Amino acid sequence: MNYTYMLECGDGSLYTGWTNDIEKRLASHRNGVGAKYTRGRGPLKLVYLEVLESQSEAMHREAYIKRMSRIEKLALIQMSDWEEHLSEWHLEKLMVTGAAGD
């Protein structure tokens, strides 16, 4: 599986990325070795997650979301029901932590 995700940074900004291992990627962000953008911007909170079949789809979705305005991104987050699908995606651990770092 491949994932496109958004993190809310401690300063209120939004970071969008993609990965093929969401738990490992969130741990990287949490440990300060994820994207340069998120370093020093904690705490980080996972606010959006999509599961996609291919790397190409995830990368294209990431690029599409990055082109959205902040208002459009916030609307996408608000309308999303991604948290309801975590057990279906076998990502129950994300239910417990919910955050990428504190």
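Residues numbered from 1 in each chain as written. Predicted model: local features only at pLDDT ≥ 70, side-chain atom pairs only at ≥ 80, totals over all residues. Heavy atoms only, no water.

## With respect to the overall build of the protein
Right, so step 1: Tallying secondary structure elements over the protein gives 4 helices and 4 strands in all.
Right, so step 2: Mapped from its N terminus to its C terminus, the protein presents α and β elements in the order β-β-α-β-α-α-α-β.
Right, so step 3: Taken over the C-alpha trace, the protein has a radius of gyration of 13 Å; the compact-globule value for 102 residues is 13 Å, and the two agree within 12%.
Right, so step 4: Viewed in the frame of its principal axes, the protein has a C-alpha envelope of about 30 × 30 × 25 Å. (Helix = DSSP H or I, 4+ residues; strand = E, 2+ residues; numbered from the N terminus. Rg over C-alpha atoms; globule rule 2.2 N^0.38 Å.)

## Examining the environment of His29
Right, so step 1: Tracing the backbone through its elements, the reader meets His29 in helix 1 (residues 22-30).
Right, so step 2: C-alpha of His29 to C-alpha of Met1: the two residues are 28 residues apart in sequence and 19 Å apart in space.

## Some thoughts on the confidence of the model for the protein
Right, so step 1: Per-residue pLDDT for the protein has a mean of 89; in total, 92% of the residues score no lower than 70.
Right, so step 2: Looking across the protein, the model is least confident in strand 4 (residues 99-101), with a mean pLDDT of 50, and most confident in helix 2 (residues 55-66), with 98. (pLDDT = per-residue confidence, 0-100.)

## Brief notes about helix 1
Right, so step 1: Turning to helix 1, its buried residues are Ile22, Leu26, Ser28 and His29. The buried residues of helix 1 all sit within an arc of 155° when viewed along its axis, so they share a single face.
Right, so step 2: Looking one or two residues beyond helix 1, the residue adopting positive phi is Gly32, at roughly 75°. (Buried < 20%, exposed > 50% of the residue type's maximum accessible area, 1.4 Å probe, protein only. Arc of directions from axis to C-beta.)

## Here we look at the nonpolar core
Right, so step 1: Residues Ile22, Leu49, Leu91 and Leu94 are the most contacted members of the largest nonpolar core, which totals 24 residues.
Right, so step 2: Counting only elements with at least two residues in this core, the list comes to strand 1 (2-8), strand 2 (14-19), helix 1, strand 3 (44-52) and helix 3 (70-79).
Right, so step 3: The element that contributes the greatest number of residues to this core is strand 3, accounting for 5 residues.
Right, so step 4: Those residues within four positions of Leu49 in sequence are excluded, and the remaining contacts are Tyr3, Thr4, Tyr5, Ile22, Trp82, Leu86, Trp89, Leu91 and Leu94. (Core = buried A, V, L, I, M, F, W, Y, C linked by side-chain atoms within 4.5 Å. Contact = heavy atoms within 4.5 Å.)

## So, the packing of aromatic side chains
Right, so step 1: As enumerated under the stated definition, the model contains 2 aromatic pairs in all.
Right, so step 2: Residues Tyr15 and Tyr37 carry aromatic rings whose centres are separated by 6.3 Å and whose planes lie at 15° to one another, so their mutual orientation is stacked. Of this pair, Tyr15 sits in strand 2 while Tyr37 sits in the loop between helix 1 and strand 3; the two residues are 22 residues apart in sequence, bridging distant segments of the chain.
Right, so step 3: For Tyr15, a relative accessible area of 12% corresponds to the buried category.
Right, so step 4: What makes Tyr37 partly exposed here is its relative accessible area of 34%.
Right, so step 5: Cluster of aromatic residues (ring-pair linked, three or more members): Tyr5, Tyr15 and Tyr37. (Phe/Tyr/Trp six-rings, centres within 6.5 Å; stacked < 30°, edge-to-face > 60°.)

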